[in-house]
Amino acid sequence: MAAIYQAVYRRASSLSCRLHSTYVRKMRYLNELKEDDSLCRQAQTSGTFYLFHNLSPFLQKVGKKYLVPQLSAAEMKRILEKFKETEQWIEKSVLIGCSDEHIPRFALDLGALEKSVIESELKGSFTDLRKALFVVDEKDSPLLASAQSLLQWHDSHQYCSKTGQPTQKNVAGSKRVCHASGITYYPQMSPVVIILVSDGSRCLLARQPSFPQGMYTALSGFCDMGENVEETVQREVAEEVGLEVESLWYSASQHWPFPSSCLMIACHALVKAQQAEINMNSLELQEARWFGLEEIVEGLKRPPRSSKQDHGSFLPWFPPKQAIAHQLICEWVKQQTS
């Protein structure tokens, strides 16, 4: 009788899997890996690994392209053996996703090992994440950003904030537990609004002293405790450029790993044209000004960091297409030309 029940259960499970989409099956599999340490440990023996060294991802240059290699578990074992390290190193990895074929993807930081030896062995280099995000394929950028954020979170949350005792991560790296207090810590993101302000015919862009020469982007700021998105947008625009928002609407969101793990919430905001005189907060911004449609269209064509003129000044250029600020600017152009 038990065998009959098992056969019925297997058929029902098989039917359920066929009925569910690839995406649903993948998400449920990832959830199982996060909750089941033994299953995740087993997945590490068949998964692929993205390598980091002190939070810088490993890239390989092929021609003019930068690729993000995925190392197999066997390749990881070979690298660790070369450094006379045990396979237990792999348990320091964190789960960052899986393919449609249910091949798990992990990220592992090898910061304690000699960087040059790894680079020579694998014929590539560890690259600063800010540069890497803009030179790799668009599908790889979000994966690198989320992997670095998760690795960074684990590095900075090794002790319980209540007891001071060490915390322990689960195998997947989806949480850390303080066994002394029973507190479970989960990775968190800080909400940040990014706002493209318009007066109807112009859009407002600004720059900070730390920006590359010539780069302008949309206003942005962290949400304060207790604020909703609308309140944050209104406050940030008032604080930074001295304007009152008349109306606003949501555009999209993006995970962004700088300065720490942030959720960028992109919005458009409209101010009254007759009350559009900028009163800039010089403590936060170096410059803020209005741009007309023609200047924006020209700026979008301009490659980053190539805007220096003969007399030393810089033509304006805007964040590359991987950044959500670029999407906001393109949406504004479309609104103006439609």
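Rules used throughout
Residues numbered from 1 in each chain as written. Predicted model: local features only at pLDDT ≥ 70, side-chain atom pairs only at ≥ 80, totals over all residues. Heavy atoms only, no water. Pairing = 2+ DSSP bridges. Helix = DSSP H or I, 4+ residues; strand = E, 2+ residues; numbered from the N terminus. 1 Å grid on protein atoms, 1.4 Å probe; cavity = no way out; pocket = protein on both sides within 12 Å on 5 of 7 lines; lining within 4 Å. Points joined across faces, edges and corners; volume = space filled by probe spheres on them. Nonpolar A, V, L, I, M, F, W, Y, C, P; charged D, E, K, R; others polar. Buried < 20%, exposed > 50% of the residue type's maximum accessible area, 1.4 Å probe, protein only. Lys, Arg positive; Asp, Glu negative; His and termini not counted. Salt bridge = Lys/Arg side-chain N within 4 Å of Asp/Glu carboxyl O. Polar contact = N/O pair within 3.5 Å; in protein donor to acceptor, adjacent residues only side chain to side chain. Contact = heavy atoms within 4.5 Å.

A.B. asks: Mind laying out the sheet that holds strand E9 (residues 176–178), listing which residues take part and the relevant values?
C.D. replies: Pairing in this open sheet of three strands is antiparallel, and the strands run E8-E9-E10 from one edge to the other. Unpaired on one side and paired on the other, strand E8 (168–169) and strand E10 (183–185) mark the two borders of the sheet. Looking at chain direction, E8 and E9 are connected through two bridges and run antiparallel. What sits directly across from Gln168, in E9, is Val177.

A.B. asks: Lay out empty space enclosed by the protein with the relevant residues and their values.
C.D. replies: One pass over the full model with this rule turns up one cavity of 30 Å³ or more. Volume-wise, the largest cavity comes out at about 30 Å³. As for the largest cavity, its lining consists of Tyr50, Leu51, Pro57, Phe58, Val68, Pro69, Leu71 and Leu144. Contributions of two or more residues to the lining of the largest cavity are made by strand E1 (48–53) and strand E2 (56–62). Classifying every residue of the lining of the largest cavity by side-chain character gives eight nonpolar, no polar and no charged.

A.B. asks: Before we move on, could you go through the side chain of Lys169 and cite the residues and values that matter?
C.D. replies: Relative to the helices and strands, Lys169 resides in strand E8. The charged side chain of Lys169 is buried without a salt bridge, its nearest counter-charge being Glu91 at 6.5 Å. Within the local environment of Lys169, its side chain forms a polar contact with the backbone oxygen of Glu91, the two atoms lying 3.0 Å apart. Within the structure, the side chain of Lys169 is placed 2.9 Å from the backbone oxygen of Val171, a separation counted as a polar contact. Ignoring sequence-local partners within four residues, the contact set of Lys169 consists of Glu91, Lys92, Ser93, His154, Lys175 and Arg176.

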